[in-house]
Amino acid sequence: MEALDYHAEERRKAEFDVEEMKIVWAGSRQAYEISDRVARLVASDPVFRKDNRTMLSRKDLFKDTLRKAAHAWKRIIELRLSEEEASKLRFFVDQPVFTDLHWGMFIPAIKGQGNEEQQQKWLPMAYKMQIIGCYAQTELGHGSNVQGLETTATFDPETDEFVIHSPTLTSSKWWPGGLGKVSTHALIYARLITDGQDHGVHGFIVQLRSLDDHLPLPGITVGDIGMKFGSGAYNSMDNGVLRFDHVRILRDQMLMGVSQVTREGKFMQSDVPRQLVYGTMVYVRQKIVADASCALSRAVCIATRYSVVRRQFGSHNGGPETQVIDYKTQQSRLFPLLASAYAFRFVGEWLKWLYTDVTQRLQASDFSTLPEVHACTAGLKSVTTSATADAIEECRKLCGGHGYLSSSGLPELFAVYVPACTYEGDNVVLLLQVARFLMKTVSQLGSGKKPVGTIAYMGRSEHLLQCRCEVERAEDWLKPNVILEAFEARAARMSVTCAKNLNNFANQEEGFAQLATDLAEAAVAHVQLIIVSKFIEKLQQDIPGKGVKRQLEILFNVYALSLLHKHLGDFVASGCITPKQGALANEQLRLLYSQVHFDNPSLLLYMVLLLERLLQSTSF
Ligand SMILES: CCCCCCCC/C=C\CCCCCCCCCCCCCCCC(=O)SCCNC(=O)CCNC(=O)[C@H](O)C(C)(C)COP(=O)(O)OP(=O)(O)OC[C@H]1O[C@@H](n2cnc3c(N)ncnc32)[C@H](O)[C@@H]1OP(=O)(O)O
Ligand SMILES: Cc1cc2nc3c(=O)[nH]c(=O)nc-3n(C[C@H](O)[C@H](O)[C@H](O)COP(=O)(O)OP(=O)(O)OC[C@H]3O[C@@H](n4cnc5c(N)ncnc54)[C@H](O)[C@@H]3O)c2cc1C
């Protein structure tokens, strides 16, 4: 049989409503239709071809990116695409590009931190791309530690200007995407100094290059930081370096939504939390979570298709060899990744809702959910990107030697994806932010303040600290409430244990430093609980289509039980489940894999095959 026949054969056996499953994945029928239409548009346009990009030199790759960006913009205008359609188009063009930072960070920062006048001045030009902006926060010396940034913005009351300066080599801006070659403007983060006093880091809009000849303006030194990991991949982006030598900008180029400097040079802090200066990062972290399921589903799709076609060993009497997807080890490595793609998809949808909700609350001066939103976006960004990066590498191995070929699509996907574990906050640094939030929650438990939202379970910690799981047979592990309680008990116990251990240190900061590994693990347990609980909430919704809900239930069980198996030590150590119950969970997991593959031979396979339109790059 030919490869295509194997795929067709597997597809034929699907026992659920494929069209409805596509809609569940997309989020709505309308979202599915937009995605489908835009995918076809991109696939049929030769300018967007990408089968040769790993062989291009950096210069040619960059020219190719510019050509694609200009063509995309032209098509967006000609076809009058909506924001959703334009953003899908960007997704299917599938190449890191300076416009990501312009639309994804520069514009959102002005919208989120600029006052009305500033928005009216800058946004129309930015929307028409008459100016192109980047987000220049990270410096050579400091990325994670934003409070450690060294660039200064000193107010000069005589001229009503700020003087932007890079006092040291380590204060050079380093990494911003779009900065190296393209941006005309940058949203820079610098220490605000008025009358000799340092008010911490704030955002400023600075013009970098002339709008006439694109040359750097006086006092600006700017360039590209060079080749990055892998061929092709992220090298389509012009990550840059930037230095300022006493560059003067008007006072109203400081974003004044959070704090202001008056004409007299008086610093005024609004009554909004100063953390709103970090708002753009929260927005992008939420976007990154939504994207994780896309990258993961592509990798899983490639590995699944390969596993169906590939045969090794097991031939009897000259018959066909065994499809590698039939090997238990292949299934136990692949199916949890497929299940994770769906889990991340649903939690991504929920996070989008949470972000919209906090935005509305902020407009009504309700800042109460900000710490939770920060913890959720930081934690989910960390857990989903780390899992996705690991999964892409696992999928490469699942494809044997062929996975190492560029033409499999996996090396490029990996090289483009892995920096997501670092940018927009190093994943460990972000987990420690979640841990801080959890420790604060535990410390307030006795105070009468009731934990709500994703930490509501902490309010039941007395019960969770001594509850015992009631599983007696493997199939008991199929009950969502049993799974949920096990995850809650594990998360609550890990946090409470860390909090107790912190009390053994005279100095909290010292304790936090010494216990950082345990704290990061407690944060992972909390975030995995969020993902599991949002999957359960999804299953409680009305899900139409023959067999669709059933398949999602299987995926949920695979996701949760494979995590339980992987972190069995945490679950058992927390005292909620016994080693025997852990073994039963593993037994159930094995049954689920078999069920997937034998009762319903192609069901999981089909789910990933229907995502194949995502696979526009050369792949199996
Ligand atoms: C080809 C076709 C193109 C055509 C296209 C045309 C049109 C298309 C149309 C639409 C397309 C749309 C495309 C959109 C694409 C979007 C995707 C964008 C992709 C982006 C790609 C990636 C870019 C990467 C960019 C970056 O990396 S930017 C730099 C990021 N840097 C970081 O993340 C730094 C990490 N560090 C920190 O965040 C902080 O310093 C810290 C570690 C969190 C805090 O440290 P510290 O403890 O020192 O904090 P403090 O400052 O003292 O604050 C303490 C208290 O504040 C709380 N806190 C901290 N952060 C926050 C926060 N963000 N929100 C709320 N609260 C916060 C903290 O918890 C403390 O609280 P406390 O209670 O304990 O006091
Ligand atoms: C591809 C790419 C694109 C980027 N785009 C942009 C952009 O457009 N704009 C922009 O401003 N920036 C951008 N960045 C920069 C990015 O945001 C930073 O690299 C990131 O925030 C990490 O900071 P760092 O490099 O200083 O890492 P470091 O903080 O130096 O991390 C090094 C190691 O130290 C560990 N570590 C650091 N602090 C702690 C701690 N407190 N506790 C425990 N461990 C710790 C980390 O876990 C890590 O293992 C980009 C980076 C990349 C790779």
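Quick caveat: nothing in here was measured; it's all calculated off a predicted structure. (Residues numbered from 1 in each chain as written. Chains lettered and ligands numbered in written order. Predicted model: local features only at pLDDT ≥ 70, side-chain atom pairs only at ≥ 80, totals over all residues.)

## What about the environment of Ser172?
Here Ser172 shows up in the loop between strand 3 (161-165) and strand 4 (173-174). Owing to 18 C-beta atoms within 10 Å, Ser172 belongs among the partly exposed residues under this scheme. When the C-alpha positions of Ser172 and Val222 are compared, they lie 9.7 Å apart, and in sequence the two are 50 residues distant. With residues up to four places along the chain from it excluded, the contact list for Ser172 reads Glu139, Leu140, Ser166, Val241, Leu242 and Arg243. (Helix = DSSP H or I, 4+ residues; strand = E, 2+ residues; numbered from the N terminus. Buried ≥ 20, exposed ≤ 12 C-beta atoms within 10 Å, placed from the backbone. Contact = placed C-beta atoms within 7 Å.)

## Structural notes on the sheet that holds strand 4
As summarised here, the arrangement of the three strands in space is 4-8-7, forming an open sheet in which the pairing is antiparallel. Of all the strands in the sheet, just strand 4 and strand 7 (220-224) have a single pairing partner and so form its edges. Sheet analysis places strand 7 next to strand 8 (residues 240-244), joined by five bridges and oriented antiparallel. From the neighbouring strand, Gly223 faces strand 8, where its bridge partner is Val241. (Pairing = 2+ DSSP bridges.)

## Description of the site of ligand 1
Inspection of the region around ligand 1 gives 37 residues, with Ala72, Gly104, Val146, Tyr278 and Gly425 positioned closest. Of all the secondary structure elements, the ones that give two or more residues to the shell around ligand 1 are helix 4 (58-78), helix 5 (83-93), helix 6 (98-113), helix 8 (279-309), helix 10 (370-398) and helix 12 (427-443). Element by element, the count of residues in the shell around ligand 1 is highest for helix 4, at five residues. (Near = placed C-beta within 6 Å.)

## Digging into the packing of helix 9 (residues 328-363) against helix 10
If you want to describe how two helices pack, look at the angle between their axes and the distance between the axes. Packing of helix 9 against helix 10 brings their axes to within 10 Å, and their N-to-C directions diverge by 155 degrees. The pairing of helix 9 with helix 10 is recorded here as roughly antiparallel in orientation. By crossing handedness, the relation of helix 9 to helix 10 is classed as left-handed. For the pair helix 9 and helix 10, contact is made by Gln330, Arg333, Leu334, Leu337, Ser340, Phe344, Val347, Leu351, Leu354, Tyr355 and Val358 and by Leu370, Val373, Cys376, Thr377, Leu380, Thr384, Ala387, Ala391, Glu394, Cys395 and Leu398, respectively. Among the residues making up the contact of helix 9 with helix 10, the classes are represented as 16 nonpolar, four polar and two charged. (Axes fitted to C-alpha atoms, helices over the stretch in contact; angles between N-to-C directions. Parallel < 35°, antiparallel > 145°, perpendicular 65-115°, else oblique. Left-handed = near helix turned anticlockwise from the far one by under 90°. Nonpolar A, V, L, I, M, F, W, Y, C, P; charged D, E, K, R; others polar.)

## Focus on the domain arrangement of the protein
Once the domains are mapped, the protein shows domain 1 (3-106), domain 2 (131-270) and domain 3 (280-448 + 481-614). A separation of 25 Å is found between the C-alpha centroids of domain 1 and domain 3. (Domains from an automatic or database assignment.)

## Digging into the site of ligand 2
Surveying the vicinity of ligand 2 reveals 22 residues, the closest of which are Gln137, Thr138, Gly143, Ser144 and Trp175. Of all the secondary-structure elements, those providing two or more residues to the shell around ligand 2 are strand 1 (133-136) and helix 12. Broken down by element, the shell around ligand 2 gets its largest block of residues, three residues, from helix 12. When grouped by side-chain class, the residues that make up the shell around ligand 2 number 12 nonpolar, eight polar and two charged. Taken domain by domain, the shell around ligand 2 gets at least three of its residues from each of domain 2 (131-270) and domain 3 (280-448 + 481-614).

## A few points about helix 6
Owing to its 3.6 residues per turn, the α-helix aligns residues three or four sequence positions apart on the same side. Helix length check: helix 6 (16 residues) gives 21 Å between terminal C-alpha atoms against 22 Å at 1.5 Å per residue, within 8%. The buried fraction of helix 6 is high, at 13 of 16 residues. (Expected span 1.5 Å × (residues − 1).)

## Considerations on the pairing of strand 3
Within a regular strand, side chains alternate between the sheet's two faces. The pairing of strand 2 (residues 152-156) with strand 3 spans five bridges and is antiparallel. By the bridge assignment, Phe155 is partnered in strand 3 with Phe162. Pairing of strand 3 with strand 9 (residues 247-250), which is carried by four bridges, proceeds in the antiparallel orientation. In the strand pairing of strand 9, Val163 is matched with Arg248.

## A word on the confidence of the model for the protein
Summarising the model, the protein shows a mean pLDDT of 94, and 94% of its residues fall at 70 or more. A low-confidence stretch, residues 597-603 (pLDDT under 50), is modelled with 14 contacts involving residues beyond four sequence positions or located in other chains. Here residues 609-620 is modelled with pLDDT under 50, and outside its nearest four sequence neighbours on either side it reaches 36 contacts, counting other chains as well. Model confidence for the complex is summarised by a pTM of 0.96, with the ipTM given as 0.98. (pLDDT = per-residue confidence, 0-100.)

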